[in-house]
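Given next are the chains, with one letter for each unit.
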Amino acid sequence: MGEPRRPLLAAYMGALFAFLYLPIAILVVLSFNDSKLATVWRGFSLRWYEELFRDTEVLLSIRTTLVIAIAATLLSILFGTLLAFGIERHTRSPALENGIYLPLLIPDVVTGIGLLSFFATISLPLGTTTVIIAHSVWGTAFAAAIVRTRLRGFDRSVEEASLDLGVREVPTFLRITLPAISPGIIAAALVVFTLSIDEFIIAYFTAGQTVTFPIQVYSMIRFGVTPEINAVATVMLLFSMALIVGAYLIARPRGPRAARPGEGPA
Amino acid sequence: MSHAVIAIEGARKRFGETIALDGVSLEIAEGEFFALLGPSGCGKTTLLRAIGGFAGLDQGRILLDGADLGRSRPYERPVNMMFQSYALFPHMRVRDNVAYGLRAERLPRDEIDARVDEVLGVVGLHDLADRRPGQLSGGQRQRVALARAIVKRPRVLLLDEPLAALDRQLRQEMQIELKRLQHEVGLTFVVVTHDQEEAMTMADRIAVMRSGRILQVATPRDLYRHPADRFVASFIGTMNILDGVATADGVRLDPVGEVRLEAFGAAPGAPLAVGIRPDDVILLDADAPPPPGTAFAFPAQVETTVFAGSQIHTLVRDTQGRAFAATAGAGGEQRREGSACVVALPLAALVALPEGSA
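No experiment lies behind these values; they were computed from the predicted model shown.

The rules behind these values
Residues numbered from 1 in each chain as written. Chains lettered and ligands numbered in written order. Predicted model: local features only at pLDDT ≥ 70, side-chain atom pairs only at ≥ 80, totals over all residues. Heavy atoms only, no water. Helix = DSSP H or I, 4+ residues; strand = E, 2+ residues; numbered from the N terminus. Rg over C-alpha atoms; globule rule 2.2 N^0.38 Å. Buried < 20%, exposed > 50% of the residue type's maximum accessible area, 1.4 Å probe, protein only. Contact = heavy atoms within 4.5 Å. Areas by Shrake-Rupley, 256 points an atom, 1.4 Å probe, with all protein chains shown as cover. Lys, Arg positive; Asp, Glu negative; His and termini not counted. Charge placed at Lys NZ, Arg CZ, Asp CG, Glu CD. Buried area = accessible area lost by both parts, 1.4 Å probe. Salt bridge = Lys/Arg side-chain N within 4 Å of Asp/Glu carboxyl O. Nonpolar A, V, L, I, M, F, W, Y, C, P; charged D, E, K, R; others polar. Pairing = 2+ DSSP bridges. Axes fitted to C-alpha atoms, helices over the stretch in contact; angles between N-to-C directions. Core = buried A, V, L, I, M, F, W, Y, C linked by side-chain atoms within 4.5 Å. Polar contact = N/O pair within 3.5 Å; in protein donor to acceptor, adjacent residues only side chain to side chain. Phe/Tyr/Trp six-rings, centres within 6.5 Å; stacked < 30°, edge-to-face > 60°. Lys NZ or Arg CZ within 6 Å of the ring centre and 35° of its normal. 1 Å grid on protein atoms, 1.4 Å probe; cavity = no way out; pocket = protein on both sides within 12 Å on 5 of 7 lines; lining within 4 Å. Points joined across faces, edges and corners; volume = space filled by probe spheres on them. pLDDT = per-residue confidence, 0-100. Expected span 1.5 Å × (residues − 1).

Looking only at helices and strands, one finds 11 helices and zero strands in chain A. When its helices and strands are written in sequence order, chain A yields α-α-α-α-α-α-α-α-α-α-α. Relative to its length of 266 residues, chain A is extended, with a C-alpha radius of gyration of 24 Å against a globular reference of 18 Å. When its C-alpha atoms are laid out on the principal axes, chain A stretches across 70 × 70 × 35 Å. Burial status across chain A gives 35% buried among its 266 residues. In chain A, 71% of the contacts between residues at least 6 apart in sequence involve partners at least 24 apart. When the accessible surface of chain A is split by element, carbon and sulfur atoms take 71% of a total near 15800 Å². Each charge class in chain A was averaged separately, 20 positive and 18 negative side chains, and the resulting centres sit 4 Å apart.

What follows covers the interface of chain A and chain B. In this assembly, 22 residues from chain A lie in contact with 27 residues from chain B. For the pairing of chain A and chain B, the buried interface totals around 2200 Å² over both sides, and the portion due to carbon and sulfur atoms is 55%. Where chain A touches chain B, the interface holds two salt bridges. Residue B:Arg49 is joined to A:Glu160 by a salt bridge in which the shortest nitrogen-to-oxygen separation is 2.7 Å. The set of elements that each furnish at least two residues to the side of chain A that touches chain B consists of helix 7 (157-164) and helix 8 (169-197) of chain A. Among the elements that take part in the side of chain A that touches chain B, helix 7 of chain A stands out by supplying seven residues, more than any other. Residue composition of the side of chain A that touches chain B, by class: 10 nonpolar, four polar and eight charged.

All names here are of chain B. In spatial order, the strands read 6-7-8-3-9-10; together these six strands make up an open sheet with mixed pairing. The sheet terminates laterally at strand 6 (79-82) and strand 10 (213-218), the two strands that pair on one side only. Pairwise comparison of adjacent strand axes, ignoring direction, gives a mean angle of 20 degrees for this sheet. Examined bridge by bridge, strand 6 and strand 7 (residues 156-160) share four bridges and lie parallel to one another. Opposite Asn80, over in strand 7, you have Leu157 as the bridge partner. Contacting strand 3 (33-37), strand 6, strand 7, strand 8 (188-193) and strand 9 (205-210), helix 1 (residues 44-52) runs over the sheet at an angle of about 145 degrees to strand 7. Set on the sheet, helix 4 (residues 138-150) makes contact with strand 6 and strand 7; between it and strand 6 the angle comes to about 175 degrees.

This paragraph deals with the nonpolar core. Residue and element names in this part refer to chain B. The biggest cluster of nonpolar side chains holds 49 residues, and the ones touching the most others in it are Leu146, Leu159, Ile206 and Val208. When residues of this core are assigned to their parent elements, the largest contribution, six residues, is made by helix 4. Setting aside residues no more than four positions away along its own chain, Leu159 makes contact with Leu48, Met82, Leu146, Leu178, Phe189, Val190, Val191 and Val192. Within the second largest apolar cluster, 40 residues are counted, among which are Leu21, Leu48, Phe89 and Val156.

Residues and elements named next belong to chain A. Mapped onto the elements of the fold, Glu199 is located in the loop between helix 8 and helix 9 (201-206). Within the buried core, Glu199 has no salt-bridge partner, and the shortest N-O distance to an opposite charge, that of Arg222, equals 16 Å. Within polar-contact distance, the side chain of Glu199 engages the side chain of His135 at 2.9 Å. Sequence-distant contacts of Glu199, defined by excluding residues within four places in its chain, comprise Asp108, His135, Trp138 and Pro214.

If you walk through the whole model with that rule in mind, you get 14 aromatic pairs over all chains. Here the aromatic rings of A:Phe118 and A:Phe119 are separated by 5.7 Å at their centres, their planes lie at 55 degrees, and the arrangement is tilted. The buried category is assigned to A:Phe119, whose relative accessible area is 1%. Members of the aromatic cluster, connected to one another through ring pairs, are A:Phe32, A:Phe44 and A:Tyr49. We note B:Arg148 situated over the ring of B:Phe89; from NZ or CZ to the ring centre the distance is 4.6 Å. Looking at B:Arg277, its charged tip hangs above the ring of B:Tyr224, at a distance of 4.0 Å from the centre.

Attention shifts here to empty space enclosed by the protein. All names here are of chain A. Tallying each qualifying case throughout the model produces one cavity of 30 Å³ or more. Along its surface, the largest cavity is lined by Thr65, Ile68, Val131, His135, Ser196, Ile197, Glu199, Ala203, Thr212 and Pro214. Here the lining of the largest cavity is built from residues that sort into five nonpolar, four polar and one charged.

The next point concerns the pattern of salt bridges. Two side chains that carry opposite charge are able to pair once their charged atoms sit near each other. All names here are of chain B. Inspection of every chain in the model, using the stated rule, returns 31 salt bridges over all chains. With a closest N to O distance of 3.1 Å, Asp96 and Arg93 form a salt bridge. On the basis of relative accessible area, Arg93 is assigned to the partly exposed category, the value being 30%. Salt bridges sharing common partners tie together Arg93, Arg95, Asp96, Arg103, Asp117 and Asp130.

Residues and elements named next belong to chain B. In this sheet, strand 2 (residues 18-29) lies alongside strand 1 (residues 4-15) in antiparallel orientation, the contact comprising nine bridges. The partner of Ala7 across the bridge, within strand 2, is Glu27. In this structure, the hairpin formed by strand 1 and strand 2 is closed by a connection of two residues, where Gly16 is found at a positive phi of approximately 60 degrees. Direction of pairing for strand 1 relative to strand 4 (residues 59-64): antiparallel, over a ladder of five bridges. Opposite Ile8, over in strand 4, you have Ile62 as the bridge partner.

The next point concerns the confidence of the model for chain B. Residues at a pLDDT of 70 or more form 97% of chain B, whose mean pLDDT is 90. Overall fold confidence (pTM) sits at 0.79, and the ipTM for the predicted complex is 0.83.

Moving on to the confidence of the model for chain A. Residues with a pLDDT of 70 or more make up 92% of chain A, whose mean pLDDT is 86. Long-range and interchain partners of residues 255-266 of chain A, a stretch whose pLDDT sits below 50, account for 13 contacts in this model, where long-range means more than four residues apart.

As a further point, take helix 5 (residues 168-185) of chain B. All names here are of chain B. Helix length check: helix 5 (18 residues) gives 25 Å between terminal C-alpha atoms against 26 Å at 1.5 Å per residue, within 8%. Regarding helix 5, the residues found buried are Met174, Gln175, Leu178, Lys179, Leu181 and Gln182. Against strand 3, helix 3 (109-122), helix 4, strand 7, strand 8 and helix 6 (196-202) lie the buried residues of helix 5. Where helix 5 terminates, the next one or two residues include Gly186, which has phi positive at roughly 65 degrees.

Shown next, in the form of C-alpha cells:
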C-alpha cells in the first residue's frame, strides 16, 4: 500500500514470469493455429484437436498410460501406507528409514537399467505390467514419505480412545486412523498419478513394445514439432492443472471447521 | 472399607532399563475418588494404563470385581479412560464423539440418543453438540472427553492428568466440578496427577508413588498430618524437616534435646528426621517460656515475614543455620525482620519421618 513503486523490480518480475510462462502460452496459442507449420500463425482453428482425437495411436497410448498410472497409484498407496506405518510405529532404525527414500534419489536412468536387467533375469516379458511395477517402485517410496508425515502428526491416544470405548483394532483403523490420514493418502495418490503419467525414462527402459503417452509424443517429435503435438501438450496441461486443483480442493481445510466470528470458543 | 472394585496385586513392569512399577499392591473401593499422585516417572501413568488394558504387567495381576483382567484388551474391559490429550475424534461432531462407545455396544438408536443427551446435559454441552472438537475451547474439549467416557457407565473411570492442559483458574474450577460430577454419576474415579493440591482437593484417598512404588495410601487429611516418610512429607504441602537420631523410644535432636516419639521402627542410633507443618510452629518472644506440650524450644532470628491476606508466613533461622517456616492466621502478630524469637515445636505436631524405602 504505502510501498514506493519500483519500476525496475516490476520489470524484472515481469521478465521472470515471461520466462516461466511464455513458452507454455505460445504452445497453447499455436495449438489453435490453422497451419501445417507449427510456428507460423494463420488463424484460429480446432483442426489439430480433431486430428488428435482421430489419431488412434495417440489415443491408445493415452489409454495405456492411464492404465499404468491408475494401477501404479493403487499399488503405491497400498504398499506406501503399509510402509509408512511400519517405519513410523515398528522400527527405530534410521538405516531402514532412509532405505525407503533411496529410490527417490537414484537417477532414473540407473533405476531404468536396473529394472530392465531385473525383468530380464526373472524372464518377465516387458510391457504394461513391467511399467506398472517400475512406477510402483518410486511411487511406493513417495507414498510412504507423504503418508508418514501425516502419521507423525497423529495422536495415537485417539486410537487408544477408540479401543477403550469398545471398538476392536480393525474397525478402529477404518473409522479413526484412516479418516485421519486420508488427506495424506489422497495427496500421495495424486502425486504418484501425476508423476506416472508423464514419466518417460523408466518407462522407455521397461515398456518393451508397449507405447506410453510420453513415448508416443517422443516418437512423434522425431519427425518435427507438428501443431498436433501442441494440441497434445495443451490437453495434457489442462489435465494436470485439473489434478492439481482437485488435490487442492480435497486437501484444503473445510469451511465449517474453522470457527466463525461470534461463535468462537468461549 | 466397602467392596473393592479394583485390586492390584504385586504389579511389576519395566521398560528396558527403567522400572516403572516395582511391586505395587492397592485396593480401590466402590464409588471412591482415588488419586495416584507422584512426580513424573513415578509409574502412576503406567499403573493407570495397565488398569485400562494399554500396558501389560510383567508380574502381578489386576482384579476387577474379583476377576483377573489378565491380558484382556481395552475393549473387553468395563473400564473407560479419559486421556490427557483428550483424544477426541477430530472428524466427528461432539454428539458422535459421545455416541461412539454406545454404538460399539450396538445399543438401540433411541437409547443411544437418550443417553448421549443425558450426559451432554450433565457436562453442560447441549448447545455445542453439533460442533467439531476443533471449534471448542480447552475446557469444552475436556468436558467432551469426560462425557464420552462416562456415557459408557464404566465400573471405573480412569483419568490421566485430566486438568493438566487447562489454565490455572479453569483448573481450580474443574477440580470442584469433577468432584461434583463424580458424586452425581456415582462412578469410581481413578485419577493420575502430579499436582498435590489437585489430588488433595478432589480425592477421597491418595496413593503417593515414587520410583514405581507406593509410599503411602491415605486420606488427604492423614497424608498431611501423618506422612509416612520424608518424601511424602515434602511432596505434600510444606514441611519443616529436622535431621535427628533415633533413640530407643523416640528421637534426639542435637543439641536441642530428646523426646519420646513413635519412631516407626527405626533402630536406635540410626538417622531419623522429624517433621512439623509451618502452621504448627509456634513463634514466641525471645524471653517467653515455652507453652506446655512443647517438645523442643530454641532461639532463632526472624529472616523474612510476608503478610498474605488470610495468613502470615514467617521464615526464621536458628543458631545452627536451619531455616523454619511458620504460618500464623492473619490475626497473629507479624514479627519484625531481624528480631530475635523462640521457636517452639509442640510434641503433638511432630511426625517421625523415616528415610523411606524409595
